[in-house]
Amino acid sequence: MKVLVIGSGGREHAIAWKLSQSSKVKSIYIAPGNGGTHLNPKFKNINLIDINLIADFAIKETIDLTIVGPELPLSEGIVDLFRSKNLNIFGPTQRAAQLESSKDFAKDFMYRHHIPTAKYKTFKTPDEAHQYINEQRAPIVIKADGLASGKGVIVAMTDKEAHDAVNFMLVDNKFGDAGAKVVIEEFLQGEEASFMVICDGKTILPLATSQDHKRLLDQDMGPNTGGMGAYSPAPVVTKEIYTKVMDEIIYPTINGMAKDGIPFTGFLYAGLMITKSGEVKTLEYNCRMGDPETQPILMRLKSDLFEILYNAALSQLNSTKIEWDARTALAVVLASAGYPENPKLQDEIYIEDRLISDSYIFHAGTIYKDNKLLTSGGRVLAVTALGNSVKEAQSKVYEVINTVKFNGAQYRKDIGYRALNNN
Ligand code: AMP
Ligand code: GLY
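Conventions we followed
- Residues numbered from 1 in each chain as written.
- Chains lettered and ligands numbered in written order.
- Predicted model: local features only at pLDDT ≥ 70, side-chain atom pairs only at ≥ 80, totals over all residues.
- Heavy atoms only, no water.
- 1 Å grid on protein atoms, 1.4 Å probe; cavity = no way out; pocket = protein on both sides within 12 Å on 5 of 7 lines; lining within 4 Å.
- Points joined across faces, edges and corners; volume = space filled by probe spheres on them.
- Helix = DSSP H or I, 4+ residues; strand = E, 2+ residues; numbered from the N terminus.
- Pairing = 2+ DSSP bridges.
- Axes fitted to C-alpha atoms, helices over the stretch in contact; angles between N-to-C directions.
- Contact = heavy atoms within 4.5 Å.
- Expected span 1.5 Å × (residues − 1).
- Buried < 20%, exposed > 50% of the residue type's maximum accessible area, 1.4 Å probe, protein only.
- Salt bridge = Lys/Arg side-chain N within 4 Å of Asp/Glu carboxyl O.
- Core = buried A, V, L, I, M, F, W, Y, C linked by side-chain atoms within 4.5 Å.

Enquirer: Would you mind going over empty space enclosed by the protein with me for this structure?
Expert: One way to see where empty space is left: roll a probe the size of a water molecule over the atoms. Taken as a whole and assessed by the stated rule, the structure comprises two cavities of 30 Å³ or more. The wall of the largest cavity is formed by Leu-99, Glu-100, Ser-102, Lys-103, Ala-106, Lys-107, Met-110, Lys-143, Leu-283, Glu-284 and Tyr-285. The set of elements that each furnish at least two residues to the lining of the largest cavity consists of helix H6 (98-101), helix H7 (103-112) and strand E17 (280-286). Here the lining of the largest cavity gets four residues from one element, more than from any other, and that element is H7.

What follows is the structure, encoded as structure tokens:
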């Protein structure tokens with residue numbers, strides 16, 4: 001079979017890596033891919049971004065299955081486009097992808113279907129938004145309605161930060177259309193976890209649990225990022241919490257979408273806040289796998305990813321089983337200097353040719369140019385390893401990191417600390 005993966009990050013590298021272990025897969029194309037996928041003879045990078053050109057490519061190359069990594073092409077309607085051309089694709093339609101591409105859509109959906117989430121209001125004009133902040137007071141959370149490359153959420157600890165965020169979006173239009181509406185919501189406290197499932201419109205196949213580390217610095221200090229590291233499983237998701245998430249969030253979401261006439265196909269990611277008293281609330285939906293959560297999750301996957309996603313694309317998930325390695329997998333992101341504000345690019349990356357078992361270096365912001373591997377984005381690599389315990393996986397990752405060098409590399413030294421405290 002011929003498979004096409006859309007995207008260029010660590011998540012897509014991990015998806016392609018796992019697909020390459022399937023005996024059914026003969027060719028793997030990645031559009032556009034990165035330096036790491038370029039260097040791997042099992043993959044072929046295709047330098048395309050435009051979804052129409054990607055569809056033409058899929059027709060010409062008779063691609064059997066396309067898997068979409070990031071949210072942008074989903075929100076542009078790549079799934080609708082491929083289906084209109086009778087091409088097999090795994091992902092949500094443009095309408096279903098609104099669960100991620102519009103916070104207002106997602107909040108309204110959760111309210112109508114009684115899915116637990118923070119109390120909120122949506123605003124289009126600054127005066128009413130400022131007034132609401134004056135009534136509710138900080139801490140409070142301001143969210144741009146649309147996609148804003150992970151920068152659209154401001155957790156305001158003071159009233160001033162909240163007012164400034166409203167002005168940034170509604171007065172100065174800094175996010176353009178994505179910030180033409182803002183969602184203002186109640187500040188929630190607790191421990192976050194990522195919960196992902198695969199869905200074919202009817203049947204749900206839950207993936208292993210995971211936890212991401214969004215802040216740049218150790219001990220969850222510093223600015224929010226796309227994610228500086230992750231591990232799977234997440235001990236905070238106990239059996240009780242797992243059942244609650246399935247019953248109160250996942251089933252009502254999938255059933256609610258079907259009832260609304262927008263059946264959900266693809267990866268559904270619920271960002272969770274788990275409170276001390278064991279309540280679970282939905283912080284957000286994503287319509288794709290998380291990055292860097294995908295890297296440790298797929299390292300634990302024992303089943304054939306191609307079979308699972310092919311069955312899902314054909315709406316035949318009901319007889320599909322999924323098996324996991326019982327060990328812990330952990331990923332640490334190496335980011336470029338200046339990330340997340342102003343990542344410095346074009347630094348040469350050196351990776352020692354030393355094999356360390358049960359580990360893998362997934363590439364994200366890398367490019368291969370003039371026989372050199374260079375940084376080309378904020379998050380550069382996700383070093384991932386398996387271990388019999390969180391501690392063992394963590395030690396192995398940091399051992400692998402010692403084999404990698406580039407100027408200004410920054411990474412957290414404490415990925416997995418919550419799980420270690422939980423043991
Ligand atoms: P989101 O993209 O909506 O998940 O928001 C990004 C990050 O902002 C989350 O991972 C949380 O750390 C934080 N966040 C979002 N919503 C809230 C909330 N209602 N209360 C506290 N923190 C939040
Ligand atoms: N790591 C969080 C996300 O992928 O949205």
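Next comes the rest of the write-up.
Enquirer: Would you mind going over the sheet that holds strand E7 (residues 140-144) with me for this structure?
Expert: Note: strands within a sheet are paired through backbone hydrogen bonds, in either parallel or antiparallel orientation. Read from one edge to the other, the open sheet built from four strands follows the order E6-E9-E7-E8, with strand pairing classed as antiparallel. Both edges of this open sheet fall to strand E6 (120-123) and strand E8 (153-156), since each of them pairs with a single strand only. Across the sheet, the axes of successive neighbouring strands diverge by a mean angle of 20°, strand direction being ignored. Bridge count between E7 and strand E9 (residues 182-186): five bridges; the pairing is antiparallel. Within E9, the position partnered with Val-141 by the bridge is Glu-185. Lying over the sheet, H7 contacts E6, E7, E8 and E9, oriented at roughly 145° with respect to E6. Along the sheet, helix H9 (residues 159-171) contacts E6, E7, E8 and E9; its crossing angle with E7, the most-contacted strand, is approximately 10°.

Enquirer: Teacher, can you tell me more about helix H13 (residues 390-401) here?
Expert: What sets the pattern is the α-helix's 3.6 residues per turn: residues three or four places apart point alike. Taking 1.5 Å of rise per residue, twelve residues should cover 16 Å, and H13 covers 16 Å from first to last C-alpha, within 8% of that figure. Taken as a whole, H13 has its buried residues at Val-390, Ala-393, Gln-394, Lys-396, Val-397, Tyr-398, Val-400 and Ile-401.

Enquirer: What is the right way to read the pattern of salt bridges from this model?
Expert: Opposite charge on two side chains lets them pair, provided their charged atoms get close. One pass over the structure, following the stated rule, counts 22 salt bridges. Across the pair Glu-12 and Arg-11 runs a salt bridge whose closest N-O atoms are separated by 2.8 Å. On the accessibility criterion, Glu-12 (2% relative accessible area) is buried. Two residues, Lys-160 and Asp-164, come together in a salt bridge whose shortest N-O distance is 2.7 Å. Taken together, the positions of Lys-160 and Asp-164, both in helix H9 and four residues apart, correspond to about one turn of that helix. Look at Lys-160 and you get exposed, because its relative accessible area is 57%. Via salt bridges that share partners, Asp-220, Arg-412, Asp-414 and Arg-418 belong to a single interconnected network.

Enquirer: Help me understand the environment of Leu-345 in this model?
Expert: In this structure, Leu-345 sits in the loop between strand E18 (328-335) and strand E19 (350-351). Accessibility expressed as a relative area gives 40% for Leu-345, which makes it partly exposed. Measuring from C-alpha to C-alpha, the distance between Leu-345 and Tyr-251 comes to 43 Å, with 94 residues separating the pair along the chain. If near-sequence neighbours (up to four positions away) are discounted, Leu-345 is found in contact with Thr-375, Ser-376 and Gly-377.

Enquirer: How should I be thinking about the nonpolar core in this particular structure?
Expert: Grouped burial of nonpolar side chains is what soluble globular proteins tend to show. Leu-4, Ile-78, Leu-99, Ile-250, Phe-264 and Leu-272 are the most contacted members of the largest nonpolar core, which totals 52 residues. Per-element tally for this core: the top contributor is helix H10 (residues 239-259), with seven residues. When near neighbours in sequence (up to four residues on either side) are disregarded, Phe-264 contacts Pro-92, Ala-96, Leu-99, Cys-199, Asp-200, Gly-201, Ile-254, Met-257 and Cys-287. Counting 37 residues, the second largest nonpolar core, distinct from the first, contains Met-196, Met-289, Val-333 and Phe-362.

Enquirer: How do you make sense of the sheet that holds strand E2 (residues 27-32) when you look at a structure like this?
Expert: Spatially, five strands are ordered E3-E2-E1-E4-E5 in an open sheet, and the strand pairing comes out parallel. The open sheet terminates on both sides in strands that have one partner only, identified here as strand E3 (43-45) and strand E5 (89-90). Where strand E1 (residues 2-7) lies against strand E4 (residues 65-68), four bridges are found, and the strand directions are parallel. Within the sheet, the bridge partner assigned to Val-5 lies in E4 and is Ile-67. Each of E1 and E2 is contacted by helix H3 (residues 51-60), which is oriented at about 170° to E1, the strand it contacts most.

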